[in-house]
Amino acid sequence: MRYAIIGDIHSNLTALECVLADIEEQNVDSILCVGDIVGYAADPNECVEIVREKADCVVCGNHDYGLTGQMTLDYFNADARDALLWTEEQLYDDNREWLKSLPLVARHNGMLLTHSTPCHPEDFDYIQTIYDARLAFEHLDCQIGFIGHSHIPVIFTEDEYVDYYLVEEFDVSYNQRLIINVGSVGQPRDLDPRACYAVLDDAEGKLFIRRKEYDVEAAASRILEAGLPEVNANRLFLGR
Ligand code: ZN
């Protein structure tokens, strides 16, 4: 099977459409989503509807969780909170209900999906260090886990030791276990503004981190036109 794994879309329809066009060319059998479909940018309904239609497995991100009243908005910084309050007014009821129905952890074809970490996923802790990754591996009951949340694509590995790799292609055919952060479609934060997602080919034993240039100018204009915080637009140009 060939999978595309997307996440941290954050209502950026321009980036999502560009990634979907690339996914089309990648001949994938299935699309999976690690959450944070809404927040920050200007097209929440369209993004939710696309993920609803196209993804075979979706987990809830912290922005989706906050928007649907499952955690306090005090958790978020002012610019994220303002965007969530705006999104709350825009989102159609059925899209909100669907977001609210998403699980924090899901299993799909022997892989695990969670937005942040499988270790107390409701706390939305980041996996940023080897120590964080080691804790997360203790809660991974299969070979491969997919995550998002930090918006930084990274592959954590566990065999004798826990290690990490910042690469665009990775061999997944070894017996080591993997926690793969697929990066962010709609708001990359690794100083590379290109939209990011992952492709897994389990027959070939390969994982690819894909980067796609999209019309950042258009996405930023949508954010400003909607009256959303300017910083949410400006950061897209910088990839941070
Ligand atoms: Zn996010």
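Per chain, residue numbering runs from 1 following the sequence as it is written. Under the rules for a predicted model, residues below a pLDDT of 70 receive no local features and side-chain atom pairs below 80 are neither given nor counted, while totals for whole chains, interfaces and linings still include all residues. To obtain the side-chain values, all non-hydrogen atoms of the structure were included, while hydrogens and water were left out.

Here's the deal with the environment of Glu158
- Each helix corresponds to a stretch of at least 4 residues labelled H or I by DSSP, and each strand to a stretch of at least 2 residues labelled E; elements are numbered beginning at the N terminus. Tracing the backbone through its elements, the reader meets Glu158 in strand β7 (residues 154-158).
- Sequence spacing of Glu158 and Asn175 is 17 residues, and the spatial spacing of their C-alpha atoms is 9.1 Å.
- Discounting residues that sit within four places of it in the chain, Glu158 has contacts with Phe137, Gln176 and Arg177.
- Among the polar contacts made by the side chain of Glu158, one reaches the side chain of Arg177 at a distance of 2.8 Å. Working rule for contacts: check all heavy atoms of both residues, and any pair within 4.5 Å makes them a contact. In the analysis that follows, any N or O atom pair within 3.5 Å is treated as a polar contact, provided that within protein one partner can donate a hydrogen and the other can accept it, and provided that, for residues neighboring in sequence, both atoms belong to side chains.

Brief notes about unusual backbone geometry
- The backbone of His10 shows a phi angle near 50 degrees, a positive value even though the residue is not glycine.
- Tracing the sequence through the fold places His10 in the loop between β1 (2-6) and α1 (13-25).
- Notably, Asp36 is not glycine yet its phi reads approximately 60 degrees, a positive angle.
- Looking at the secondary structure, you find Asp36 in the loop between β2 (30-33) and α2 (44-54).

A short note on helix α7 (residues 216-225)
- We call a residue buried when its accessible area falls under 20% of the maximum for its residue type, exposed when it is over 50%, and partly exposed in between, using a 1.4 Å probe and counting protein chains only. Residues of α7 that are buried: Val216, Ala219, Ala220 and Ile223. Along the axis of α7, the buried positions cluster into a sector of 95 degrees, meaning they face one direction only. What points out from α7, more than 90 degrees from its buried face, is the exposed set Glu217 and Glu225.
- Downstream of α7 by a residue or two, Gly227 has a phi angle that is positive, lying close to 80 degrees. This arc corresponds to the set of directions leading from the helix axis out to the C-beta atoms.

A closer look at the side chain of Asp64
- Within the fold, Asp64 resides in helix α3 (residues 62-67).
- Residues scored as charged are limited to Lys and Arg (positive) and Asp and Glu (negative), so that His and the chain ends carry no count. Whenever a carboxyl oxygen of Asp or Glu lies within 4 Å of a side-chain nitrogen of Lys or Arg, that contact is scored as a salt bridge. Although Asp64 is buried, it makes no salt bridge; Arg96 carries the closest opposite charge, 11 Å away.
- Of the polar contacts made by the side chain of Asp64, one reaches the backbone nitrogen of Ile37; its length is 3.0 Å.
- Only 3.3 Å separates the side chain of Asp64 from the backbone nitrogen of Val38, close enough to count as a polar contact.
- Not counting the four nearest positions on each side in its chain, Asp64 is found in contact with Gly35, Asp36, Ile37, Val38, Val59 and Leu99.

Considerations on the coordination of the zinc ion
- Ligation of the zinc ion by protein atoms is provided by Asp8 (OD), His10 (NE2), Asp36 (OD) and His151 (NE2), these donors lying 2.0 to 2.4 Å from the ion.
- Counted as donors are the N, O and S atoms within 2.8 Å of the metal, or 3.2 Å for Na, K and Ca, while water is not among the atoms, so some sites may look incomplete. Square planar and octahedral assignments, for four and six donors respectively, both demand that opposite donors be over 155 degrees apart and that all other angles lie between 65 and 115; tetrahedral needs four donors with all angles between 85 and 135 degrees, and anything else is irregular. The site at the zinc ion holds four donor atoms, and with the angles between them running 86 to 176 degrees, its shape is irregular.
- Mapped onto the sequence, the residues coordinating the zinc ion show the spacing D-x1-H-x25-D-x114-H. Of the two residues, Asp36 sits in the loop between β2 and α2 while His151 sits in the loop between β6 (144-147) and β7, which places them 115 residues apart along the sequence.
- A residue is classified by how much of its surface remains accessible, and Asp36, at 1% relative accessible area, is buried.

What to know about the sheet that holds β1
- Two strands are said to pair when DSSP picks up at least two bridges between them. Within the open sheet, the six strands sit side by side as β3-β2-β1-β11-β12-β9. Their pairing is mixed. Either end of the sheet is taken by a strand with one partner, and the two such strands are β3 (55-58) and β9 (169-171). Pairwise comparison of adjacent strand axes, ignoring direction, gives a mean angle of 20 degrees for this sheet.
- Here four bridges tie β1 to β2, and the two strands are oriented parallel to one another. By the bridge assignment for β2, Tyr3 is matched with Ser30.
- Seen against the sheet, α1 touches β1, β2, β11 (195-201) and β12 (206-212) and runs at an angle of roughly 25 degrees to β11. Think of each axis as a best-fit line through the C-alpha atoms, taken over the contacting stretch in the case of a helix, with angles from 0 to 180 degrees between the N-to-C directions.

Things to note about the nonpolar core
- Only buried Ala, Val, Leu, Ile, Met, Phe, Trp, Tyr and Cys residues count toward a nonpolar core, and they belong to the same one when joined by side-chain atoms within 4.5 Å. With 53 residues, the main nonpolar core has Ile6, Ile23, Ile37 and Leu99 as its most contacted residues.
- Top element by residues in this core is α1. It accounts for seven residues.
- When sequence neighbours within four positions are dropped, the list of residues in contact with Ile6 reads Leu16, Val19, Ile23, Ile31, Leu32, Cys33, Val34, Val182, Val185 and Tyr197.
- Listed in part, the 22 residues of the second largest apolar core include Ile5, Val34, Phe146 and Ala198.

Observations concerning a nonpolar patch on the surface
- Residues Ile152, Tyr164 and Leu166 make up a contiguous nonpolar surface patch of roughly 300 Å² in combined accessible area.
- Tracing the backbone shows Ile152 in the loop between β6 and β7.
- With relative accessibility at 32%, the residue Ile152 sits in the partly exposed group. Note that patches include only residues with greater than 30% relative accessible area and no salt bridge, and the join distances are 9 Å for like charges and 5 Å for nonpolar side chains (Val, Leu, Ile, Met, Phe, Trp, Tyr). To be clear on the numbers: accessible area is Shrake-Rupley with a 1.4 Å probe, and residue cover counts the displayed protein chains and nothing else.

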